[in-house]
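Residues per chain, in single letters:
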Amino acid sequence: MTHSADVRIVDSADVAANARIGAGSSIWHLAQVREDAVLGENCVVGRGAYIGTGVRLGDNCKVQNYALVYEPAVLEAGVFIGPAVVLTNDTYPRAVNVDGSPKSAHDWQPVGVTIREGAAIGARAVCVAPVEIGRWATIAAGSVVTRDVPAFALMAGVPARRLGWVGKAGVRLVEEGGRWVCPQTGAIYIEADGLLREESPA
């Protein structure tokens, strides 16, 4: 396997020989990491989780128990995937072709979910590909995401809709004098044209 000695892979995990696992990462019981998957440093793949063929995880990602991350998903650094989350990869799923023959890998084109830096997907949420989740966004547990999500958005529901904004700490922001403020860190965010950006430090 193409990983360093300080990677922890428990005996019951199934990790493809050509998967690349970064230093400090842990693959727990009954997890499966498929061929050509690439995990960055200090990643955690929980019990029973599935990482599909060629999936890419940045450093410091957490994929919790029984989450299903289907190819060709891309997770940037610091992404959190909650328990039993599903990242789909088939826009028009069918087991058979129109002539009734079983579909093979050549009969459909997988599409992926892209999750940007620091974003968090709550337990049992489903992201229906193709969608992109913006930086530091939060998807509430049980939501179904069917459209792209802007950075720092707080999304919930079926289908998911924006309820507000969150900062890098994951806490819902509070509006004060036309700006958005994180009650935990004091960081200030500016909203313009339906998008949020963090105010540059002085």
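This text goes with the structure placed above it.
Residues numbered from 1 in each chain as written. Predicted model: local features only at pLDDT ≥ 70, side-chain atom pairs only at ≥ 80, totals over all residues. Heavy atoms only, no water.

Caption draft 1: How the structure looks around the sheet that holds strand E12 (residues 68-69). The seven strands lie next to each other as E3-E6-E9-E12-E15-E18-E21, forming an open sheet whose pairing is parallel. With one partner strand each, in any of the chains shown, strand E3 (14-15) and strand E21 (144-145) form the two edges of the open sheet. Here strand E15 (residues 86-87) runs beside strand E18 (residues 126-127); their pairing, made up of two bridges, is parallel. Bridge pairing in E18 links Leu87 to Cys127. (Pairing = 2+ DSSP bridges. Helix = DSSP H or I, 4+ residues; strand = E, 2+ residues; numbered from the N terminus.)

Caption draft 2: Looking closely at the pairing of strand E23 (residues 161-165). Note that strand E22 (residues 153-156) and E23 share four bridges and pair antiparallel. Among the inter-strand pairings, Leu154 is bridged to a residue of E23, identified as Gly164. Following E22, the chain reverses through four residues before pairing antiparallel with E23; Gly157 in that reversal takes a positive phi of roughly 110°.

Caption draft 3: Summary view of the environment of Ala153. Residue position: Ala153 is located in strand E22. A relative accessible area of 0% places Ala153 in the buried class. Taking the C-alpha atoms as reference, Ala153 lies 9.0 Å from Ile133; in sequence the two are 20 residues apart. Non-local contacts of Ala153, meaning those with residues more than four positions away in its chain, are made with Ala137, Thr138, Arg162, Gly164, Trp165 and Val166. (Buried < 20%, exposed > 50% of the residue type's maximum accessible area, 1.4 Å probe, protein only. Contact = heavy atoms within 4.5 Å.)

Caption draft 4: A look at the pairing of strand E27 (residues 195-198). Judged from the four bridges that link them, strand E26 (residues 188-192) and E27 form a sheet pairing that is antiparallel. Across the sheet, residue Ile190 finds its bridge partner in E27, namely Arg197. Connecting E26 to the next strand, E27, in antiparallel fashion are two residues, including Asp193 with a positive phi near 55°.

Caption draft 5: Summary view of the nonpolar core. Grouped together as the largest cluster of nonpolar side chains are 53 residues, with contacts concentrated most on Leu39, Ile51, Leu75, Ile81, Leu87, Ile115 and Ile133. Elements that contribute at least two residues to this core include exactly strand E16 (113-115), strand E19 (131-133) and E22. Each residue touching Leu87, except ones within four places of it in the same chain, is listed here: Leu68, Val69, Tyr70, Ala73, Leu75, Ile81, Val113, Ile115 and Cys127. (Core = buried A, V, L, I, M, F, W, Y, C linked by side-chain atoms within 4.5 Å.)

Caption draft 6: Just the packing of aromatic side chains, in detail. Scanning all chains against the criterion turns up two aromatic pairs. Centroid distance Tyr50 to Tyr70: 5.3 Å. Interplanar angle 50°. Geometry classified as tilted. Here Tyr50, found in strand E9 (residues 50-51), pairs with Tyr70, found in the loop between E12 and strand E13 (74-75); they are 20 residues apart in sequence, far enough to count as distant. A relative accessible area of 13% means that Tyr50 is categorised as buried. Here the basic side chain of Arg162 rests over the ring of Trp165, its NZ or CZ set 4.0 Å away from the ring centre. (Phe/Tyr/Trp six-rings, centres within 6.5 Å; stacked < 30°, edge-to-face > 60°. Lys NZ or Arg CZ within 6 Å of the ring centre and 35° of its normal.)

Caption draft 7: Structural context of the environment of Arg179. In this structure, Arg179 sits in strand E25 (residues 179-181). Spatially, the C-alpha atoms of Arg179 and Ile190 are 5.4 Å apart, while their sequence positions differ by 11 residues. Excluding its chain neighbours within four sequence positions, the residues that come into contact with Arg179 are Val174, Ile188, Tyr189, Ile190 and Glu199.

Caption draft 8: Quick look at the pattern of salt bridges. As enumerated under the stated definition, the model contains six salt bridges in all. Between Glu198 and Lys168 there is a salt bridge; the shortest N-O distance is 3.1 Å. Remark: Lys168 occurs in the loop between E23 and strand E24 (174-176) and Glu198 occurs in strand E27; sequence separation between them is 30 residues. Judged by its relative accessible area of 31%, Glu198 falls in the partly exposed class. A salt bridge links Glu199 to Arg179; its shortest N-O distance comes to 3.8 Å. Note that Glu199 is positioned in the segment after E27 and Arg179 in strand E25, a separation of 20 residues in sequence. Residue Glu199 is classed as partly exposed on the basis of its relative accessible area of 34%. The network of salt bridges with common partners includes Glu76, Arg116 and Glu132. (Salt bridge = Lys/Arg side-chain N within 4 Å of Asp/Glu carboxyl O.)

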